[in-house]
Amino acid sequence: CSNATSIDLGTGQSFNSSNASTDGPEHADAPCFSFGNDFINLDIWYSYTADKTRTLQWSTCDLAGFDTRLAVYKADADCPVSAEDLLVCKDDGSTCAGFTSNLIFDVVKGESYLLRLGGFNDEADGSGRFDLTEVLRPEAPDNDLCENAVVFSPVSRAAADDGSGRINGT
């Protein structure tokens, strides 16, 4: 943890956890780990300092050759981190092959976060890649704000029942 490598946003960032040890805390009460193992084994550490407030995705989804686990710790947590410092974690992304993982978290401009990458068990070491990218929010609809409300006329029950009172839109 104290030797965390500083990273920036980007895709296809290489990592190698061969010969890593496990130095992070156990997360016995974390709902993101299951299968009777509460550790992120053979972990390696990264730090990210947010250049603006936004939402990020950190992913090894389909990019690693072993069962990965990811964790992000609260802004400006000190090493060694505690289980209470956990911001978000993930094991086995629902659309990821080979039990690889991805997670989404919010960052605040100027704050630093510790990111921990490891595996499910002691055989989960090796190399791969990860992506750390911004999650782009969709455009808000035109009538998202009250002052841009769409004029709407209610339909009577009879007109709704016989289909003559159709209103287009959502």
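Just so we're clear, the structure is a prediction, and the values are computed from it rather than from any experiment.

Engineer: What is the right way to look at the state of the cysteines in this model?
Structural biologist: Put plainly, a disulfide is one covalent bond tying together the sulfur atoms of two cysteines. Tallying each qualifying case throughout the model produces 2 disulfides. There is a disulfide in this structure between Cys1 and Cys79, and the S-S distance comes to 1.9 Å. Residues Cys1 and Cys79 are joined by a disulfide whose S-S torsion is about -70°; by sign, that bridge is left-handed. One end of the pair, Cys1, is in the segment before strand 1 (5–6); the other, Cys79, is in the loop between strand 5 (68–73) and strand 6 (86–91), with 78 residues separating them in the sequence. One disulfide bridge connects Cys61 with Cys96, the sulfur atoms lying 2.1 Å from each other.

Engineer: Explain the side chain of Asp85 to me, please; I cannot follow it from the model alone.
Structural biologist: Turning to its location among the elements, Asp85 is positioned in the loop between strand 5 and strand 6. Not counting residues up to four positions away in its chain, the partners in contact with Asp85 are Tyr73, Lys74, Ala77 and Asp78.

Engineer: It is not clear to me how the side chain of Thr60 should be interpreted in this structure. Could you clarify?
Structural biologist: For Thr60, the location among the structural elements is in the loop between strand 4 (54–59) and strand 5. In this structure Thr60 touches Phe15, Thr68, Leu70, Thr100, Ser101, Leu117, Arg129 and Phe130, once residues within four positions along its chain are discounted.

Engineer: What should I look at first to understand the packing of aromatic side chains in this one?
Structural biologist: Two descriptors summarise a pair of aromatic rings, namely the distance from one centre to the other and the angle between the planes of the rings. According to the stated counting rule, one finds 6 aromatic pairs in the structure shown. Site record: aromatic cluster; members linked through ring pairs are Phe15, Tyr46, Trp58, Phe66 and Phe130.

Engineer: Explain the sheet that holds strand 9 (residues 127–134) here, please?
Structural biologist: Pairing between the strands of a sheet comes from backbone hydrogen bonds, and it takes one of two forms, parallel or antiparallel. Reading across from one edge, 2-9-4-7 is the order of the 4 strands in this open sheet, with antiparallel pairing throughout. Two strands in the sheet have a free side with no partner beyond their single neighbour: strand 2 (10–16) and strand 7 (102–107). Averaged over all pairs of adjacent strands, the angle between strand axes in this sheet comes to 25°, irrespective of strand direction.

Engineer: How should the environment of Cys79 be read in this particular structure?
Structural biologist: With a relative accessible area of 33%, Cys79 lands in the partly exposed category. C-alpha separation for the pair Cys79 and Leu114, spaced 35 residues apart in sequence, amounts to 9.1 Å.

Engineer: So what exactly am I meant to see when it comes to the pattern of salt bridges here?
Structural biologist: A side chain of one charge can pair with a side chain of the opposite charge when the charged atoms of the two come close. In the structure shown here, the tally under the stated rule is 4 salt bridges. Between Asp51 and Arg54 there is a salt bridge, and its shortest N-O distance comes to 2.3 Å. Arg54 sits in the buried class, given a relative accessible area of 11%. The structure contains a network of salt bridges with shared partners spanning Asp51, Arg54 and Glu134.

Engineer: What am I meant to see in unusual backbone geometry here?
Structural biologist: What is expected of a backbone is that most residues other than glycine have negative phi and most peptide bonds are trans. Put simply, Cys79 and Pro80 share a cis peptide bond, and its omega is -5°. With respect to the element layout, Pro80 can be found in the loop between strand 5 and strand 6. The phi torsion at Asp76 lies on the positive side, around 60°, for a residue other than glycine. Looking at where Asp76 falls in the secondary structure, it is placed in the loop between strand 5 and strand 6. Even without a glycine there, the phi angle at Phe99 is positive, about 60°. You can see Phe99 is positioned in the loop between strand 6 and strand 7.

Parameters and conventions
Residue numbering note: each chain is counted from 1, following its sequence as written. Thresholds applied to this predicted model are a pLDDT of at least 70 for local features of residues and 80 or more for the giving and counting of side-chain atom pairs; totals over whole chains, interfaces and linings are not thresholded and use all residues. Hydrogens and water molecules were not included; the side-chain quantities draw on all heavy atoms of the structure. Whenever a pair of cysteine sulfur atoms sits within 2.5 Å, that pair is classed as a disulfide. Helix numbering and strand numbering both begin at the N terminus, where a helix is a DSSP run of H or I of at least 4 residues and a strand a DSSP run of E of at least 2. The contact rule is simple, with two residues in contact once any of their heavy atoms fall within 4.5 Å. Centres within 6.5 Å make a pair out of two Phe, Tyr or Trp rings, where for Trp the six-membered ring is used; the pair is then stacked when the planes are under 30 degrees apart, edge-to-face when over 60, and tilted otherwise. Here the rule is simple: two strands pair whenever DSSP picks up at least two bridges between them. In this analysis, axes come from line fits to C-alpha atoms, helices being fitted only over the stretch in contact, and the angle between any two N-to-C directions falls in the range 0 to 180 degrees. Relative accessibility thresholds used throughout: buried, under 20% of the residue-type maximum; exposed, over 50%; partly exposed, between the two (1.4 Å probe, protein chains only). Here, a salt bridge means any Lys or Arg side-chain nitrogen found within 4 Å of an Asp or Glu carboxyl oxygen.

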